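# Survey of secondary and tertiary structure
Each chain, letter by letter, is given below.
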Amino acid sequence: MNNLMKGLLLLLVTIVFLSCQLDENKRVVGFYNLENLFDTIDAPDVRDEEFTPGSEKQWDANRYERKLQNMAAVISGIGAAEGVDAPAVMGLCEMENRGVLEDLVVTDRLKAFNYEIIHKDSPDNRGIDVALIFRPDFFKPESYRAVPLFIEDEEGERLFTRDQLVVTGTFDGDRLHFIVNHWPSRYGGKERSIPLRNAAAELTRSLVDSIKGLDADARVIIMGDLNDDPVDVSVKKYLRAGVTSQDVKSDSLFNATAPLFFQGRGTLCYRDFWNLFDQIIVTPNLMDANSGKHHIVKTEIYDKQYLRQQEGDYSGYPFRTFVGDWYHGGYSDHFSSYVVLKQK
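A short tour of the structure in this document, coming up. As the structure is a prediction and not an experimental result, all values here were calculated from the model. (Residues numbered from 1 in each chain as written. Predicted model: local features only at pLDDT ≥ 70, side-chain atom pairs only at ≥ 80, totals over all residues. Heavy atoms only, no water.)

## Some remarks on the sheet that holds strand E5 (residues 139-147)
Strand order in this open sheet of seven strands is E5-E8-E9-E10-E15-E12-E11, and the pairing throughout is mixed. The open sheet has two edge strands, E5 and strand E11 (241-242), and neither has a second partner. In the sheet, strand E9 (residues 174-182) pairs with strand E10 (residues 220-225) via six bridges, with the strands oriented parallel. Bridging from a neighbouring strand, Ile179 pairs with Ile222 of E10. (Pairing = 2+ DSSP bridges. Helix = DSSP H or I, 4+ residues; strand = E, 2+ residues; numbered from the N terminus.)

This is the structure:
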C-alpha cells in the first residue's frame, strides 16, 4: 500500500471516528401510524372481525408476522437513516391492544433495544389505540395518563374515539412531556368532521396549558396522526401551533413538521395530493440551541423508496398492507415523521 492509499485510509477512518463521536448525543423521536396492527384473535366487544383468519382479508399468523416485521423494519430504519441504532422514543397509533406491541418490540430488528411500552385501551369503536414505546437507556417515565376525548355526533350521541396519552419523564437528564394523539378521522367528509378535530385540538391544548401551569418552562412534544394538515384550523387556531418562527408567540407552539408540508411533502397521499397528517409540534424552547438541553436540529419524513408503491395507478403512494380486502403485503398507508434532538 503506497503512502497516498495509507493517507486516504487514515482520513476515512478519522471521518468515521469523528462521525461516531458526533452521533453520541443524537436522539431520534418519531411517530408512526401502524395502519391496523391487529392480532388474529376475534376479541369480544371489538370490531376486529375483518382481521381474523376466516375473514375476507384472511388475516392469519403468516400475514400478522409479516406485518410485525414490516413495522419493525420502519422503526429500526429511521434510526439507521440518522446514524443511530434505533429511535429513543416512538409514538404509535392504530394498534389493537398491548399484546401486538409486545410482539412488535421482540421482533429481530427491535429486540436488542429493550423497548418498553406505555399503552392503555381506548374506548374507540374500532378498538384501536395510541401508545408510546421507549428505550429505557434514554427515557425514564415518571407518570402517564390516558385522557378521553368527549365528542358527539349530530344527534347528540357520544362518538367513542382514541384517548390522548400524556407521558412525563426524564430524557437523558432533561424533563420532557409527550402527548400522543390520533384525532378523529375525516370519515363522512372533511367539512362535516371539522368540529370533531377542533374539539381534539382543544383537548390537546388544554393538556399543554395544564402542564405549563405547573411549570412555565415545561418542554412538550406533541405527536400524532391529526387527520388535518399544519395549515388547517384545528392545528393553527385551536391548538395554536405556528407554522413559522414568526407565528410563534409567548403562548404558542411550533409545528416542526410544517416546513416539510410547504415543500410539498407529506405522510399520506389522496387523489395525488400529499397531506401531512402525522405531525410533531413542540414548545418553542425545544428549538433553542442555546438552552444547554436537548433541542431539535432536524425534522424529517421517513419515506424511503421501499415504502412506496412501485407500479400502477398509485405508484409513489405509501405501500399498504391492504387496499380494501386485496392483500399487498406492504407497510402502512402513512409514512413516519420524526425529529432529531441533540444536546449542546
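## A word on the pairing of strand E2 (residues 89-95)
Of all seven residues in E2, seven are buried; the element is thus mostly enclosed. Bridge count between strand E1 (residues 27-37) and E2: six bridges; the pairing is parallel. Bridging from a neighbouring strand, Asn33 pairs with Cys93 of E2. Examined bridge by bridge, E2 and strand E4 (residues 129-134) share six bridges and lie antiparallel to one another. Paired with Met90 across the bridge in E4 is Ile133. (Buried < 20%, exposed > 50% of the residue type's maximum accessible area, 1.4 Å probe, protein only.)

## Focus on helix H2 (residues 61-81)
With 21 residues, H2 extends 30 Å from end C-alpha to end C-alpha; this agrees with the ideal 30 Å at 1.5 Å per step. Looking at the residues trailing H2, positive phi occurs at Gly83, about 75°. (Expected span 1.5 Å × (residues − 1).)

## Topic: the nonpolar core
With 42 residues, the main nonpolar core has Leu92 and Leu104 as its most contacted residues. Those elements that place two or more of their residues in this core are E1, H2, E2, helix H3 (98-105), E4, helix H6 (258-262), strand E16 (294-302) and strand E19 (336-343). Looking at this core, the element that brings in the most residues is H2, giving seven residues. With residues near it in sequence (within four places) discarded, Leu104 still touches Leu68, Met71, Ala72, Ile75, Leu92 and Leu110. Counting residues in hydrophobic clusters, the runner-up holds 27 residues, among them Val130, Ile221, Leu286 and Val339. (Core = buried A, V, L, I, M, F, W, Y, C linked by side-chain atoms within 4.5 Å. Contact = heavy atoms within 4.5 Å.)

## Overview of the sheet that holds E19
Strand order in the open sheet formed by six strands is E3-E4-E2-E1-E19-E16, with mixed pairing between adjacent strands. Both edges of this open sheet fall to strand E3 (116-119) and E16, since each of them pairs with a single strand only. Going from strand to strand, the sheet's axes swing by 20° on average, the running direction of each strand aside. Two strands pair when backbone bridges link them, and E16 and E19 are joined in this way by eight bridges, in the antiparallel orientation. Looking at E19, one finds that Ile301 is bridged to Ser337. Where H2 meets the sheet, its contacts fall on E1, E2, E4, E16 and E19, and the angle it forms with E1 comes to roughly 160°. (Axes fitted to C-alpha atoms, helices over the stretch in contact; angles between N-to-C directions.)

## Some remarks on unusual backbone geometry
If you check the backbone angles, Asn114 has positive phi at about 55° while not being a glycine. Along the chain, Asn114 turns up in the loop between H3 and E3. We classify Asn114 as exposed; its relative accessible area is 52%. At Asn227, a position not held by glycine, the phi torsion is positive, near 55°. Relative to the elements of secondary structure, Asn227 occurs in the loop between E10 and helix H5 (233-238). According to the relative accessible area criterion, Asn227 is buried, its value standing at 9%.

## Considerations on empty space enclosed by the protein
Applying the stated criterion across every chain yields a total of one cavity of 30 Å³ or more. Here the lining of the largest cavity is built from residues that sort into six nonpolar, three polar and no charged. (1 Å grid on protein atoms, 1.4 Å probe; cavity = no way out; pocket = protein on both sides within 12 Å on 5 of 7 lines; lining within 4 Å. Points joined across faces, edges and corners; volume = space filled by probe spheres on them. Nonpolar A, V, L, I, M, F, W, Y, C, P; charged D, E, K, R; others polar.)

## So, the environment of Ser76
As for its placement among the helices and strands, Ser76 is situated in helix H2. Only 2.9 Å separates the side chain of Ser76 from the backbone oxygen of Ala72, close enough to count as a polar contact. Within the local environment of Ser76, its side chain forms a polar contact with the backbone oxygen of Ala73, the two atoms lying 3.3 Å apart. (Polar contact = N/O pair within 3.5 Å; in protein donor to acceptor, adjacent residues only side chain to side chain.)

## Brief notes about the pattern of salt bridges
Counted by the stated rule, this structure contains 19 salt bridges. A salt bridge links Glu82 to Lys298; the nearest nitrogen and oxygen atoms lie 2.8 Å apart. With Glu82 in the loop between H2 and E2 and Lys298 in strand E16, this pair connects stretches of sequence that are 216 residues apart. What makes Glu82 buried here is its relative accessible area of 7%. Linking Asp228 and Arg186 is a salt bridge whose minimum nitrogen-to-oxygen distance equals 2.9 Å. With Asp228 in the loop between E10 and H5 and Arg186 in the loop between E9 and helix H4 (190-214), this pair connects stretches of sequence that are 42 residues apart. One salt-bridge network, in which partners are shared between bridges, spans Arg186, Lys190, Arg197, Asp228 and Asp232. (Salt bridge = Lys/Arg side-chain N within 4 Å of Asp/Glu carboxyl O.)

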